[in-house]
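So the chains spell out like this:
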Amino acid sequence: MSSEPSGSKLFVQAEGATPSTSWNGEFFSKNCYSVNILTTGFRARGFLFSRVVGIHKFMDKILAICGGLLASSLVSANDNAINFHVSQAMPPHFELAVAHKPLTEVLKAIADTTGIVIHIADEPKNSVTATCNVADAKQLFDCLLEAKADLVFRYGQVGPVAKRAQVLEEVWVVRTYGDTDSHDGIQILPPVAEQKPDSSPMMQMLAAIDTGKLLTQAQANDPESRANAIATLAVQPAKNDPAIRKTVAAALADQSAEVRAQAVFALAKYDDAEAADGLATALQDSDASVRLMVVDSADNHQALLQQALDDSDEAVRAAAASKLETLASQ
Amino acid sequence: MKKTTLLLAAVAAFTALGQAKMANAHDITGSLGSAATAVDYYQVHCYDDGSGPTAHLYVAVINKSTNTPKVSVQAIRDNTATNTTDAVNGNATYSPGIYQPGTDGFFYLTVDKTGAGVANYSLQYHCQTSDQQHNGTDIFQLINQ
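This structure is a prediction, so every number in the text was calculated from the model and none was measured.

Asker: When you look at the pattern of salt bridges in this model, what are you seeing that I'm missing?
Answerer: Between side chains of opposite charge, pairing is possible as soon as their charged atoms come close. Residue and element names in this part refer to chain A. In this structure the tally under the stated criterion is nine salt bridges over all chains. Put simply, Asp296 and Lys323 hold a salt bridge, and the shortest N to O gap is 4.0 Å. With Asp296 in helix α11 (residues 288-297) and Lys323 in helix α13 (residues 314-329), the pair connects residues that are 27 residues apart, well separated along the chain. Linked through salt bridges whose partners overlap, the residues forming this network are Arg245, Asp272 and Glu274.

Asker: Honestly, the confidence of the model for chain A in this entry has me stumped. Any pointers?
Answerer: As a general rule, the predicted coordinates of low-pLDDT regions are not to be interpreted in detail. All names here are of chain A. Scored by pLDDT, chain A comes out at a mean of 71, with 61% of its residues at no less than 70. Long-range and interchain partners of residues 1-6, a stretch whose pLDDT sits below 50, account for 15 contacts in this model, where long-range means more than four residues apart. Considering only residues more than four positions removed or in separate chains, one finds that residues 179-195, a stretch of pLDDT under 50, has 33 contacts.

Asker: Looking at this structure, I do not really get helix α10 (residues 273-282) of chain A. What am I missing?
Answerer: Residue and element names in this part refer to chain A. Along α10, the residues classified as buried are Ala275, Gly278, Leu279 and Ala282. Angular distribution of buried residues about the axis of α10 spans 100°; they occupy a single face of the element. Counted as exposed and oriented over 90 degrees from the buried face of α10: Ala273, Asp277 and Thr281. Tucked into the core, α10 has its buried residues touching α8 (242-251), α9 (257-267), α11 and α12 (302-308). Capping the start of α10 is the job of one residue whose side-chain oxygen sits 3.3 Å from the backbone nitrogen of Glu274: Asp272.

Asker: Could you clarify how one ought to interpret the state of the cysteines in this entry?
Answerer: Disulfide: a covalent bond connecting the sulfur atoms of a pair of cysteines. All names here are of chain B. One pass over the structure, following the stated rule, counts two disulfides over all chains. Residue Cys46 pairs covalently with Cys127 via a disulfide, S to S 1.9 Å. An S-S torsion of about -70° defines the bridge between Cys46 and Cys127 as left-handed. Placement of the pair is Cys46 in strand β2 (residues 40-47) and Cys127 in strand β8 (residues 119-128), with a sequence separation of 81 residues.

Asker: Would you explain the environment of Arg226 of chain A in this entry?
Answerer: Residues and elements named next belong to chain A. In this structure, Arg226 sits in helix α7 (residues 223-234). Look at Arg226 and you get buried, because its relative accessible area is 6%. Along the primary structure Arg226 and Leu214 are separated by 12 residues, whereas in three dimensions their C-alpha atoms are 8.7 Å apart. If we skip the residues at most four places from it in the chain, Arg226 touches Gln217, Ala218, Gln219, Ala220, Asn221, Asp254, Gln255, Ser256 and Val259.

Asker: I tried to follow the sheet that holds strand β6 (residues 98-101) of chain B on my own but got confused; where do I start?
Answerer: Strand pairing within a sheet occurs via backbone hydrogen bonds; the two strands may be parallel or antiparallel. Residues and elements named next belong to chain B. Strands sit in the order β1-β8-β3-β6 across an open sheet of four strands; the sheet is antiparallel. One side of each edge strand has no neighbouring strand; the edge strands of this open sheet are β1 (26-32) and β6. For this sheet the average axis-to-axis angle between neighbouring strands, irrespective of direction, equals 25°. Bridge count for strand β3 (residues 56-63) against β6 is four bridges, and the pairing is antiparallel. For Tyr58, the partnering residue across the bridge sits in β6 and is Tyr99.

Cut-offs applied
- Residues numbered from 1 in each chain as written.
- Chains lettered and ligands numbered in written order.
- Predicted model: local features only at pLDDT ≥ 70, side-chain atom pairs only at ≥ 80, totals over all residues.
- Heavy atoms only, no water.
- Salt bridge = Lys/Arg side-chain N within 4 Å of Asp/Glu carboxyl O.
- Helix = DSSP H or I, 4+ residues; strand = E, 2+ residues; numbered from the N terminus.
- pLDDT = per-residue confidence, 0-100.
- Contact = heavy atoms within 4.5 Å.
- Buried < 20%, exposed > 50% of the residue type's maximum accessible area, 1.4 Å probe, protein only.
- Arc of directions from axis to C-beta.
- Polar contact = N/O pair within 3.5 Å; in protein donor to acceptor, adjacent residues only side chain to side chain.
- Disulfide = S-S within 2.5 Å.
- Pairing = 2+ DSSP bridges.
- Axes fitted to C-alpha atoms, helices over the stretch in contact; angles between N-to-C directions.

See below:
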């Protein structure tokens with residue numbers, strides 16, 4: 001077990017203790033500029049953490065990483081054979097030179113200098129010798145540990161929206177290995193909503209629409225209302241709902257060509273044999289606008305597109321040719 | 001005359017280069033139905049795939065149909081929009097490309113036309129970094145008319 005002075009960013013877990021994420025709720029900041037953290041350590045059976053008293057802002061340390069707001073041009077730690085510098089430039093540049101020092105001490109120097117919180121699941125017995133001159137924090141760990149450790153990285157985001165950048169905020173050294181082992185780190189990217197298309201503002205708005213009302217609207221007397229309902233159901237995140245699927249299938253036989261066309265658009269969102277069969281049937285529709293929608297929606301159905309080259313309608317033939325040309329060029 | 005010929009050859013060469021430069025852009029082909037009110041609407045997701053953060057979305061449109069209304073595309077991000085129109089139907093030249101500013105996230109494209117009649121079009125679109133490097137680009141059609 002090791003005892004860390006107040007304010008340290010290095011947390012060493014006692015041997016045999018269960019890994020803990022006790023700071024999750026408060027510590028996982030969204031960006032460097034809005035971090036106000038109350039961190040209290042505690043001593044309990046099997047666990048030993050550093051003790052940091054009071055509410056404090058990490059801005060000074062974290063902005064050092066963000067680059068440009070430190071008074072001095074370099075932030076460094078020198079500890080009798082641990083030579084570690086972080087340049088002020090954005091992105092920051094890291095220089096490390098260490099010879100035969102315990103890994104824990106080296107990680108402490110990095111943690112205390114950069115503000116990156118480092119967790120070690122077990123106290124490594126390794127001593128390290130390394131010379132690193134790298135452009136980002138993750139490379140620093142890769143260099144220091146030479147892929148001989150299981151690592152987890154957590155990134156935050158900094159800067160204004162127009163120039164947002166990722167910064168490494170927290171690292172877990174889950175396990176270290178001997179010379180014959182090598183393992184890749186696992187990166188946890190910042191939980192940015194727009195990383196997933198389903199979480200875009202538009203998709204969130206669509207998901208918030210009452211599906212039940214859409215299903216009811218799909219039975220409306222007015223064909224335009226029915227078409228709009230089917231069109232909206234087509235892009236619902238919950239399109240695999242059996243009720244939606246059933247409604248779409250029924251709409252393929254609607255008396256309105258506009259409704260049938262939107263049903264084709266919806267059907268094409270399903271990637272299964274039943275949908276393919278439905279599209280093939282719709283390609284025989286009496287209305288050219290429905291057949292055109294089949295072609296327009298059949299991005300990867302080359303057989304359907306080939307078949308559409310013989311359509312009686314010039315616009316359908318032209319659309320099929322255009323699609324095939326695009327597919328051929330990709 | 002000779003200078004004009006050389007100039008035209010140079011313009012043609014640069015135009016070809018411009019087209020070739022965008023050959024690696026994403027392409028999507030669609031059709032606007034016969035109704036004058038037909039609109040297609042897309043969501044484009046731009047993200048850093050390792051090439052760097054997004055600075056803008058590049059878009060251009062071409063109307064592959066002849067004897068049809070002109071086709072335009074509007075690129076929308078937050079509270080700003082930019083438009084480009086294919087001035088000549090049925091030729092091999094895309095509309096002027098537009099660069100809609102915006103960071104990693106979602107852009108929206110609206111494709112429309114100036115009147116009735118089916119129009120088959122293609123869009124070239126790509127998310128790019130500040131130094132014009134292509135980065136992560138995904139598209140999803142929200143409205144198909």
